[in-house]
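This is what each chain is made of:
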Amino acid sequence: MKKPELLIPAGNLEKLRTALLYGADAVYVGVEGLSLRAGSSEMSMADLATGVKDAHAKSAKVYAAANTFTRNADLKQAKIIIPELAATGVDAVIVSEPGMMKLLRTLASNLPIHLSTQANTTNIESVRFWQEQDVKRIVLARELTLKEIGEIAAAVPDMELEIFIHGAMCMSYSGRCYLSAFRNRRSANEGDCSQPCRWEYKLCESTRPNDPFLLEEDDRYSYLLSSKDLCLIEHLPAVLASGATSFKIEGRMKSSYYVAVVTRTYRQALDALIQQKGHYKFQPEWMDELTKVSNRGYTTGFAFAEEKINETNPDIKYIQTHEPVGIVLQYDSAKKRMLVAVRNHLTAGDDVELLLPDDTIKIDTRMMADAKGNTLREANNDNQIYLPLEKEAPVGAILRQKVK
Ligand code: SF4
């Protein structure tokens, strides 16, 4: 059984390291200057170079997203950035349009090209076309069923196929949407969608502005815009059988905590699938873990149903049972304690768990202390505290607790 690649989003260097710690085979990142606007989910060239070194040291790969729709005015900057990008040692560049592809071929001819999902590749002939253009991998449109993906893999076996297996879904076709750019000037096509399709909307008749009608779902009507999130963890044997080579998680703007939990959970499930083969059984605790991170209810999206429209979520709010409370900065094996940077707020006695790559450990927060050894009753965001721990914790491991 061929081992698929587990591909994780990394919005910054911390998230890249989190993804590597919890078992990513590869990460994809936005790069400052190539998305042609500064954004919270982009890395500087220096961070990218560091991230590539970290990833390669663990035999993992880094793919840089340059999948904006480039305008004439952007080409000059792209010509400067592409050689710098090649010098970082990234393993491939993700593009969506032929202009950027042509620049890459001219300025960095050795860099493999991956075609973004925004190119909407949906059939065998399209895949063959892009293969002739020297594309090494195609991120297929999210709207395809596993059956269609299987047909493409069988017809073009030497093309690498990447598919989404988890994360937010779009109500528009493969992210070709202008809603976010309209609402708050954050363009989905530049990797910076603020997801306004998830916001609450009211319908107003112009002569009665004070009498809005809330758009929501009940037994008969659909909440029009808010899709549930994709989750295929229960169907990994079918996903693997499709012949896709890379299994991608969506969410460059998600937190390190999200990256940790989703990476670890899919790592465990995929390893079990590869090792146990015919004896593989889905473990309900995997799904349980995935409900502990931000989600809008889960759906299998288009994976099994022809012509299926995204399932929407009647609940306007994100669902999340747990939240991060800290990240490990250091482990002192002599004193059997870890130094933790607090995220959010922590009170002595809080029920906290430490997420190790292959284990979850309860932490006694009644013993939290400052650098001088003084016991603390509470700690706030960015405080550094010590917590006792017998077993070694890796730097970057995440601590969480139930949402209060
Ligand atoms: S606003 Fe919604 S539908 Fe549009 S790109 Fe963003 S997530 Fe997709």
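Cut-off values and rules
- Residues numbered from 1 in each chain as written.
- Predicted model: local features only at pLDDT ≥ 70, side-chain atom pairs only at ≥ 80, totals over all residues.
- Heavy atoms only, no water.
- Helix = DSSP H or I, 4+ residues; strand = E, 2+ residues; numbered from the N terminus.
- Rg over C-alpha atoms; globule rule 2.2 N^0.38 Å.
- Buried < 20%, exposed > 50% of the residue type's maximum accessible area, 1.4 Å probe, protein only.
- Contact = heavy atoms within 4.5 Å.
- Areas by Shrake-Rupley, 256 points an atom, 1.4 Å probe, with all protein chains shown as cover.
- Lys, Arg positive; Asp, Glu negative; His and termini not counted.
- Charge placed at Lys NZ, Arg CZ, Asp CG, Glu CD.
- Domains from an automatic or database assignment.
- Buried area = accessible area lost by both parts, 1.4 Å probe.
- Salt bridge = Lys/Arg side-chain N within 4 Å of Asp/Glu carboxyl O.
- Polar contact = N/O pair within 3.5 Å; in protein donor to acceptor, adjacent residues only side chain to side chain.
- Nonpolar A, V, L, I, M, F, W, Y, C, P; charged D, E, K, R; others polar.
- Core = buried A, V, L, I, M, F, W, Y, C linked by side-chain atoms within 4.5 Å.
- Phe/Tyr/Trp six-rings, centres within 6.5 Å; stacked < 30°, edge-to-face > 60°.
- Near = heavy atom within 4 Å.
- Expected span 1.5 Å × (residues − 1).
- Pairing = 2+ DSSP bridges.
- Axes fitted to C-alpha atoms, helices over the stretch in contact; angles between N-to-C directions.

Along its length, the chain carries 10 helices and 21 strands. Against the globule reference of 22 Å for 404 residues, the chain gives a C-alpha radius of gyration of 22 Å, in line with a compact fold. Principal-axis analysis of the C-alpha atoms places the extent of the chain at approximately 65 × 60 × 50 Å. In the chain, which comprises 404 residues, the proportion classed as buried is 52%. Contacts spanning at least 24 positions in sequence make up 68% of the contacts within the chain whose residues lie at least 6 apart. Total accessible area on the chain stands at roughly 19100 Å², and carbon and sulfur atoms take up 51% of it. Here the chain contributes 50 positively and 53 negatively charged side chains, and the mean placements of these two sets differ by 3 Å.

As assigned here, the chain comprises domain 1 (5–193 + 225–299) and domain 2 (322–402). Here the C-alpha centroids of domain 1 and domain 2 sit 32 Å apart. Contact residues are listed per partner, giving 11 residues for domain 1 and 17 residues for domain 2. When domain 1 packs against domain 2, the two sides together hide about 1100 Å² of surface, and 54% of this comes from carbon and sulfur. Its largest share of buried area at the contact with domain 2, domain 1 owes to L21, Y257 and R264, together 50% of the area lost on that side. For the interface between domain 1 and domain 2, the tally reads 2 salt bridges. E14 is paired through a salt bridge with R343; the nearest N and O atoms lie 3.1 Å apart. Between the two partners, domain 1 and domain 2, sit 8 residue pairs in polar contact (both at pLDDT 80 or more). Contributing elements (two or more residues each) for the side of domain 1 that touches domain 2: α1 (13–21) and α9 (256–276). Tallying contributions element by element places α9 first for the side of domain 1 that touches domain 2, with 6 residues. For the side of domain 1 that touches domain 2, the residue count by class is 5 nonpolar, 2 polar and 4 charged.

Formed by 109 residues in total, the largest nonpolar core has its most connected members in V29, L48, Y266, M338, L354 and L399. When residues of this core are sorted by domain, at least three fall in each of domain 1 (5–193 + 225–299) and domain 2 (322–402). A26, Y28, Y63 and A65 belong to the second largest nonpolar core, which has 7 residues in total.

The geometry of two aromatic rings is summed up by the distance between their centres and the angle between their planes. In total, this model carries 3 aromatic pairs according to the counting rule given. Ring geometry for F129 versus W130: centroids 5.0 Å apart, planes at 75°, classification edge-to-face. Seen from their ring centres, Y280 and W286 are 6.1 Å apart, and the 20° between their planes marks the pair as stacked. Residue class for Y280 comes out buried when judged on its relative accessible area of 12%. For W286, a relative accessible area of 7% translates into the label buried.

Before going further, it helps to spend a moment on the site of the ligand. Around the ligand lies a shell formed by C170, M171, S172, C177, A188, C193, P196, C197 and R198. Residue classes in the shell around the ligand are distributed as 7 nonpolar, 1 polar and 1 charged.

Looking now at α9. For α9, spanning 21 residues, the distance from its first C-alpha to its last is 30 Å, which sits close to the expected 30 Å at 1.5 Å a residue. For α9, the buried fraction is high: 17 of the 21 residues fall into the buried class. Directly beyond the C-terminal end of α9, a positive phi value near 45° is found at K277.

Okay, the environment of C177 next. By the secondary structure assignment, C177 is in the loop between β8 (160–167) and α7 (179–184). Given a relative accessible area of 24%, C177 falls into the partly exposed group. Measuring from C-alpha to C-alpha, the distance between C177 and N189 comes to 7.4 Å, with 12 residues separating the pair along the chain. Non-local contacts of C177, meaning those with residues more than four positions away in its chain, are made with S172, A188 and N189.

This next bit is on the sheet that holds strand β15 (residues 337–342). Overall, antiparallel pairing links the 6 strands, which are arranged β18-β17-β21-β14-β15-β20 in an open sheet. Lying at the two open borders of the sheet, with one neighbouring strand each, are β18 (359–364) and β20 (384–388). Shown here is a sheet whose adjacent strand axes are inclined to one another by a mean of 35°, direction ignored. One ladder, built from 6 bridges, connects strand β14 (residues 322–332) with β15; its direction is antiparallel.

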